[in-house]
Amino acid sequence: MLFFLSLSVVLRSIVWGVGDCVGSGLAFLCSSGRQQRSNSNATTTTNTFSSCKRSSPLAFGDGKKRPSSDLKEISCNENGTYLQVAEEEEALMFSVPGGGEYPGAGVSQRPEDEPKSKRVERLLRERQLRKSSYANLVDEATGELTGAQPNENGGAGVAPGNARDASVQNAATTGARGLHEPHDFPIERPTQRLLVVANRLPVSATRRGDDWHLELSAGGLVSALLGVKQNFETRWIGWAGVNVPDESGQKTLAAALAENGCFPVFLDDVTVDQYYNGYCNNVLWPLFHYIGLPQEDRLAATRSLQSQFKAYKLANEMFANAVYSQYQDGDIVWCHDYHLMFLPKFLKEKNSRMKVGWFLHTPFPSSEIYRTLPLRSELLKAVLTADLIGFHTYDYARHFVSACTRILGVEGTPEGVEDQGKLTRVAAFPIGIDPQRFIEALETDVVKSHIQELRARFAGRKVMLGVDRLDMIKGIPQKLLAFEKFLEENIDWRDKVIFVQIAVPTRTDVYEYQRLTSQVHEIVGRINGKFGTLTTVPIHHLDRSLAFHELCAVYAITDVALVTSLRDGMNLVSYEFVACQTQKKGVLILSEFAGAAQSLGAGAILVNPWNVSDVAMSIEDALTMKEGERNERHRHNFMHVTTHTAQAWADTFVSELNDTIVEAELRTLRIPPTLPNELAIEKYRESKNRLLILGFNSTMTAQVEAPRRRGPDQIKEMKLRLHPGLVDVLSVLCTDPGTTIVVLSGSERAVLDENFGEFDMWLAAENGMFLRHTSGEWKTTMPEHTNMEWVESVQLVFEYFCERTPRSYVEARDTSLVWNYKYADVEFGRVQAQDMLQHLWTGPISNAAVDVVQGGKSVEVRPVGVSKGAAIDRILGEIVHVKHMTTPIDCVMCIGHFLGKDEDIYTFFEPDLPVDREPTLNGKGDVKVSHWERRIGARQSVDRGTKSANKAMARPKAYMQQLPPERASIQERKQLNGAGEAQADKPIVSSVLDLKAENYFSCAVGRKRSAARYSLPCSEDVVAFLKAIADSYDPEERSRFSRAQRPFLYTQIEAELRSVRGCCGVPRYAEEEERNVR
């Protein structure tokens, strides 16, 4: 009874798309460690991905449907019964005015936080139970389907939900064959709509007067998506294949297509020629198949390539408009193939919450081949906007991620590609066929008649078969040469074997294809003339396609199928051959360069088509193979073909896309919204005393990378320069006595002096360890008793790895050391960074009080406790003391591109965050672990690679700055007795921070995952925002500030600095000037 219950739940899970992913992805998942995600990109050493786990809605035994977003984890007990580990859990949320919501501690456990071993064990248990449900359908000895039932969509012919998971392999090996029959139970079907977008619609349209005749097209994609219709409301969007210039014709065609669930995209002849015949077929297709870009010796060819690229983008935008016209909230959009690489980008621009998947049906070349493509970065960036990217094989997915990391500089993770916290899932989904269609066709009278005819025609001879498009990538000449060599070396076989080659013509108007046709005809004629007789020839060559029933008959009587693709995305001819070999158990010779080699490699003879001698020997092995070995090889292949169906492929991808969206929401810390410029400027002008904290690098620096370059310019970027558009802006802002500007950077003091020395502002160098006003001298804010004895030994390690890693360099600062590999090879730099960390932890810093901060492409070692959030406390106290602030700061803007460890500065100024403090002997408060810190664990961006991480400092509504008597202002010191001793033990308390929530704006620059309230994409947006603030001042205000305020402030600051050093000479007019200004 328990098994019946578990099997019922498993079948429900399969129906709803719950399971592990494709077999190759699962095998990789079992062999690769699941790395914990951190703020660092340096810890990832390999560009790999795992197939994604299922977290789709489940139907439980109580008949209730629960969405996957309500589940923490689904596990299985020892008896195989599913348990719901966590029920629905309310996420603790609290609002931040103007800044969206922060997830609280009540958020369900994130998928990536699940221990790798437990997750793999659970996936394997689920997979084993599903395999047992297949066993009753397959005969273990023969590998044939038993009790198969054709479904209404022409699917795999098994019970509903039993052939849906593409990860099930070799079900007969489970040893649980035929134990129980699946139970019938009511299934609630989802109503989600699926928008399939491809270059061509699944129907061919022919105009007959005012009417249109539609005919279903044949193709793997069409048959693959038939099975999805039973679970989704499917709509197909694409080009109809005909030019319809008149509006009336477009309306009638659209109406006819709409009745069949299709919606056309109307392209004119010029766009089709430039987009489809030009960029798609002459540029992308050859490149993706390793043929390379066309060689041109005329400048006109370059201009033609640019115009083709523009037409390509235009066509993709037209597809996006057509999709958006049909889109409804909750729809899934599935984009197909290299024709639509820009489509995900255009769709996301229209609706960022749209569920978009993209699948490539061709190979994806290695990064060394892809990088030859002009405008390569734009295509990659456009594709990466999709939520899920699918390929036929793991190799293609690996090549894609490698191209992204090497060309775009993003991070490759086990799940896919991560760019500034935004993860695009990349996985392998091998496509299949509809095997039941071929199996049933063999039982029809017309096919049986053809089989008898062919057997009589080829009686007494072994039949070899090749079915290919007449294309350069199919390796037809190599196949013929191998057969010729076989006949030369095996005289006895010359009159015992016949080779049938079906070459379907394609692109007959292209010169290269015409030349290939001539080459093939020449080889066929030479072989037939050399080895043929008056009555027979060794090769039967057909330059045409066959009808479906004729093709099934040829497959059925074939002894050896020969597939010698030089490069092929999958090649489903091998699948069709296996499906039709239920009686003869023929042998498959398969090119290792076809995608199918990774799926059918167990039962096929894999060959290198370029090695003609090896292929010839493989032909001999196949023709002389014993029956037992043939049966065993066929059983393996037949099992894969009948379980990894086209319907299972489509359903797995769609289910995975749904799960990816849910997992992304669980994984996302929070994507800060864009900074509301108008609101921020309004609050800025309404306030009386403002504090503006700005980062420098990647915040106010000029962008020096030229567009469309392969990588950054190292010489220019290493020299940090202030953005030229900020010179006048900062001059205006600094003249306002009600605005205090602090540049807080990790750069050295000399860098800040060079760029900001002319402005009236505060500079905080090396993460706030050094501070000065531009009119004064540098002073340290470093905590006492900071141990720097580790510097020399760490620097030796950094220099050692700098020598081993080309284009890396070391930044030696007074309080930290940084090894930067931004300009080195991405993958090699990460490997070196990991090796460096091992050296550091086991050697120089094993007992040192330091933090190791891993940036995007850097490793920094700094004293423990050093961060911008920790330093701002001391910086603010110094500024308050020197400026004699009496008006509370009522507006704070903190803008910067900070490392994760330094993002505690954002939470420092949060007005509504409670904090527990205990007084200490030094008059300051020590921060304890507060309720707030427990609630915002997800927001704490402390680097996980550090040995000792600082907790983010939260601030109460009023910051109480306590100053000892020797640091008190002039007026406060006058209240003391003559010697300054009577009240020396009583600190002076001044309230200088009275910040309301609506007046605080924290903004992360160039970081999509941050603890800040808002975000800006790049430094150009920072420049535009600061310029808008400066423009809000009228000319009269600017003139008044520059005339009256600045001379006194400089004098006052100098006097205070001298008084701190114990000097005299305060101007007598200081108090009078101070009263006038106030």
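For the protein, the name recorded in an unreviewed UniProt entry is alpha,alpha-trehalose-phosphate synthase (UDP-forming), with Riccia fluitans as its organism. The Catalytic activity (unreviewed entry) field of the UniProt record for the protein holds the comment "D-glucose 6-phosphate + UDP-alpha-D-glucose = alpha,alpha-trehalose 6-phosphate + UDP + H(+)".

Would you mind going over the sheet that holds strand β30 (residues 817-820) in detail, with residue names and values included?
Ordered in space as β29-β30-β32-β31, the four strands form an open sheet in which the pairing is antiparallel. Bordering the open sheet on either side are β29 (809-812) and β31 (850-854), each of which pairs with just one other strand. When strand polarity is set aside, the average angle formed by the axes of neighbouring strands in this sheet is 15°. Bridge count between β31 and strand β32 (residues 858-863): five bridges; the pairing is antiparallel.

If you had to explain the pattern of salt bridges to someone new, which residues and values would you point to?
For the structure shown, the criterion picks out 36 salt bridges. As a salt-bridge pair, R526 and E484 come within 2.9 Å of each other at their nearest N and O atoms. With R526 in helix α15 (residues 511-531) and E484 in helix α14 (residues 476-489), this pair connects stretches of sequence that are 42 residues apart. You can call E484 buried: its relative accessible area is 8%. When the shortest N-O distance is used, the salt bridge between K584 and D559 registers 3.4 Å. Of the two residues, K584 sits in the loop between α17 (573-579) and β22 (587-591) while D559 sits in the loop between α16 (548-557) and β21 (560-563), which places them 25 residues apart along the sequence. Residue classification places K584 among the partly exposed positions, given a relative accessible area of 31%. The network of salt bridges with shared partners includes E811, R813, E860, R862, K868 and D902.

Before we move on, could you go through the nonpolar core and cite the residues and values that matter?
Nonpolar side chains in soluble globular proteins tend to be buried together. Core analysis: the largest hydrophobic core is formed by 72 residues, its most contacted members being L733, F756, F909 and L1026. Of the residues forming this core, the biggest block, seven residues, is contributed by helix α28 (residues 868-883). The next biggest cluster of nonpolar side chains, apart from the first, holds 69 residues, and it includes I451, L465, L572 and V641.

So what's going on with α15? Residues and values would help.
Taking 1.5 Å of rise per residue, the 21 residues of α15 would be expected to cover 30 Å, and the 31 Å separating its terminal C-alpha atoms lies within 8% of that figure. Those residues of α15 that sit buried are Y513, L516, V520, I523, V524, I527, N528 and F531. Down the axis, α15 shows its buried residues gathered within 125° of arc, on one side only. Exposed side of α15, more than 90 degrees from the buried face: Y511, E522 and G529 are the residues found there. Looking at the packing, one finds that the buried side of α15 touches α6 (269-288), α14 and β20 (539-542).

Tell me what's going on with the environment of V383, and back it up with residues and numbers.
Considering the arrangement of structural elements, one finds V383 in helix α10 (residues 376-383). In this structure, the C-alpha to C-alpha distance between V383 and F359, residues 24 residues apart in sequence, is 9.9 Å. Other than its neighbours up to four places away in sequence, V383 contacts M341, P344, W358, I389 and F400.

Lay out the pairing of strand β25 (residues 739-744) in plain terms, naming residues and giving numbers.
Most of β25 sits out of view: six of its six residues are buried. Neither face of β25 is open: one carries T739, I741 and V743, the other T740, V742 and L744, and all of them are buried. Of the strand pairs in this sheet, strand β24 (residues 690-694) and β25 are connected by five bridges, and their pairing is parallel. Of the residues in β25, the one forming a bridge with I693 is V742. Pairing of β25 with strand β26 (residues 762-765) involves three bridges; the strand directions are parallel. Considered in β26, the bridge of V742 is made with W762. In this fold, β25 hands off to helix α25 (residues 749-756), which returns the chain to β26; that crossover is right-handed.

Tell me about the pairing of β31, and name the residues and values.
Where burial is concerned, most of β31 is hidden: five out of the five residues are buried. Side chains V850, V852 and Q854 of β31 all project onto a buried face; the interleaved residues D851 and V853 project onto the opposite face, where all are buried too. Linking β31 back to β32 in an antiparallel pair, the connection comprises three residues.

Describe unusual backbone geometry, naming the residues involved and giving the relevant values.
Of note, the phi angle at N767 is positive, near 60°, even though the residue is not glycine. For N767, the location among the structural elements is in the loop between β26 and β27 (770-773). Of the residues examined, N767 reaches a relative accessible area of 3% and is grouped as buried. Phi at R807 takes a positive value of approximately 70°, unusual for a residue other than glycine. Examined against the element boundaries, R807 turns out to sit in the loop between α26 (791-804) and β29.

Can you break down the environment of M769 residue by residue, with the values?
Among the secondary structure elements, M769 is positioned in the loop between β26 and β27. Residue classification places M769 among the buried positions, given a relative accessible area of 1%. Here the alpha-carbon distance between M769 and L744, two residues 25 residues apart in the chain, equals 9.8 Å.

Could you give me a rundown of the packing of helix α11 (residues 394-408) against helix α27 (residues 826-842), with the residues and numbers involved?
The relative placement of two packed helices comes down to the angle between their axes together with the axis-to-axis distance. Running from amino to carboxyl end, α11 crosses α27 at an angle of 90°, the nearest separation of the two axes being 8 Å. Classified by the angle between their axes, α11 and α27 sit roughly perpendicular to one another. Where α11 approaches α27, its residues S402, T405 and R406 are matched on the opposing element by V826, E827 and R830. When the residues that make up the contact of α11 with α27 are grouped by side-chain class, the tally is one nonpolar, two polar and three charged.

Conventions and cut-offs
- Residues numbered from 1 in each chain as written.
- Predicted model: local features only at pLDDT ≥ 70, side-chain atom pairs only at ≥ 80, totals over all residues.
- Heavy atoms only, no water.
- UniProt positions renumbered as here; feature names shortened; annotations may be inferred.
- Pairing = 2+ DSSP bridges.
- Helix = DSSP H or I, 4+ residues; strand = E, 2+ residues; numbered from the N terminus.
- Axes fitted to C-alpha atoms, helices over the stretch in contact; angles between N-to-C directions.
- Salt bridge = Lys/Arg side-chain N within 4 Å of Asp/Glu carboxyl O.
- Buried < 20%, exposed > 50% of the residue type's maximum accessible area, 1.4 Å probe, protein only.
- Core = buried A, V, L, I, M, F, W, Y, C linked by side-chain atoms within 4.5 Å.
- Expected span 1.5 Å × (residues − 1).
- Arc of directions from axis to C-beta.
- Contact = heavy atoms within 4.5 Å.
- Right-handed = clockwise from strand over helix to strand, strands pointing away.
- Parallel < 35°, antiparallel > 145°, perpendicular 65-115°, else oblique.
- Nonpolar A, V, L, I, M, F, W, Y, C, P; charged D, E, K, R; others polar.

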